[in-house]
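Fold and contact review
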Amino acid sequence: DFIVDTTGDIFFNGQIGTSHALNSLTVSNASQITLNGNVSTVGNQSYGGPVVLSGDVTSHAANGSVAFTSTVDGAFLLDVEANGTTTFDQAAGGQTRLSGIITGSNGNTILAADIATRGAGQSFGNAVSITNDVTLSDNQLGNISFDSTIDGAYNLTIATDGMTTFQGAVGATQALNNITVTSA
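In what follows, the accompanying structure is described. (Residues numbered from 1 in each chain as written. Predicted model: local features only at pLDDT ≥ 70, side-chain atom pairs only at ≥ 80, totals over all residues. Heavy atoms only, no water.)

A word on the overall build of the protein chain. When you go through the protein chain residue by residue, the secondary structure sums to zero helices and 22 strands. In summary, the protein chain has a C-alpha radius of gyration of 16 Å against a globular reference of 16 Å for 184 residues, a match within 12%. A principal-axis box enclosing the C-alpha atoms of the protein chain has dimensions of 40 × 30 × 25 Å. Out of the 184 residues belonging to the protein chain, those deemed buried represent 45%. Excluding contacts between residues fewer than 6 apart, the proportion of contacts in the protein chain whose partners are at least 24 apart in sequence is 12%. Accessible surface for the protein chain amounts to roughly 7800 Å². Of this, 45% is attributable to carbon and sulfur atoms. (Helix = DSSP H or I, 4+ residues; strand = E, 2+ residues; numbered from the N terminus. Rg over C-alpha atoms; globule rule 2.2 N^0.38 Å. Buried < 20%, exposed > 50% of the residue type's maximum accessible area, 1.4 Å probe, protein only. Contact = heavy atoms within 4.5 Å. Areas by Shrake-Rupley, 256 points an atom, 1.4 Å probe, with all protein chains shown as cover.)

Taken in spatial order, the four strands of this open sheet run E2-E4-E7-E10, and their pairing is parallel. Either end of the sheet is taken by a strand with one partner, and the two such strands are strand E2 (9-12) and strand E10 (72-73). Note: strand E7 (residues 51-53) against E10, two bridges, orientation parallel. Looking at the pairing, Val52 lines up with Asp73 of E10. (Pairing = 2+ DSSP bridges.)

Okay, the side chain of Gln45 next. By the secondary structure assignment, Gln45 is in strand E6 (residues 45-47). Residue classification places Gln45 among the buried residues on the basis of a relative accessible area of 1%. Here the side chain of Gln45 touches Thr41 through a polar contact of 3.2 Å, side chain to side chain. Of note is the side chain of Gln45, whose polar atom sits 3.0 Å from the backbone oxygen of His60. With sequence-adjacent residues up to four places away left out, Gln45 is seen in contact with Leu25, Val39, Ser40, Ser59, His60, Ala61, Ser65, Val66 and Ala67. (Polar contact = N/O pair within 3.5 Å; in protein donor to acceptor, adjacent residues only side chain to side chain.)

Next up on the list: the sheet that holds strand E3 (residues 25-28). The strand order across the open sheet built from eight strands is E1-E3-E6-E9-E12-E14-E16-E19, with neighbouring strands paired in parallel fashion. Both edges of this open sheet fall to strand E1 (2-5) and strand E19 (150-151), since each of them pairs with a single strand only. Pairing analysis gives three bridges linking strand E9 (residues 66-68) to strand E12 (residues 85-88), with the strands arranged parallel. Note that in E12 the partner of Val66 across the bridge is Thr86.

Below, the structure written as structure tokens:
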């Protein structure tokens, strides 16, 4: 297990656990967490502070969950491949739009805040639950796709000049209040 608990800035300037996956990664109370490489764990990853991407990042949790408890920013691609739950508690791309975001086909995703991308779109490969009113937007031609179900008793707004696709049931387990799809 790799645990970092600090009120300062944390810089991960390279690959983490790619040769030998860490058991888990927990970062708590950081004022900023900079990721510039892929992160691989067997178990959970928890990012307890604002995350800034300084390169494309794949976060892989083979048998665990990945939790972003604060904001995620940076003009790069974020690919989360977790067999557990992927959680976005606060906005992703609110300050600096991510180029794109991907969640793998395993596990599930919980969205509690807006996600903003620029061009590479958003691809949710697993079941999505929204736990707050959420806007998903891409300000270029990025597609926004859902390969599985979407549930949650909240409003979902999707804004992109690309395509929006729904492959699974929308609101089958828990109906959404409203769903709005518009061009960006």
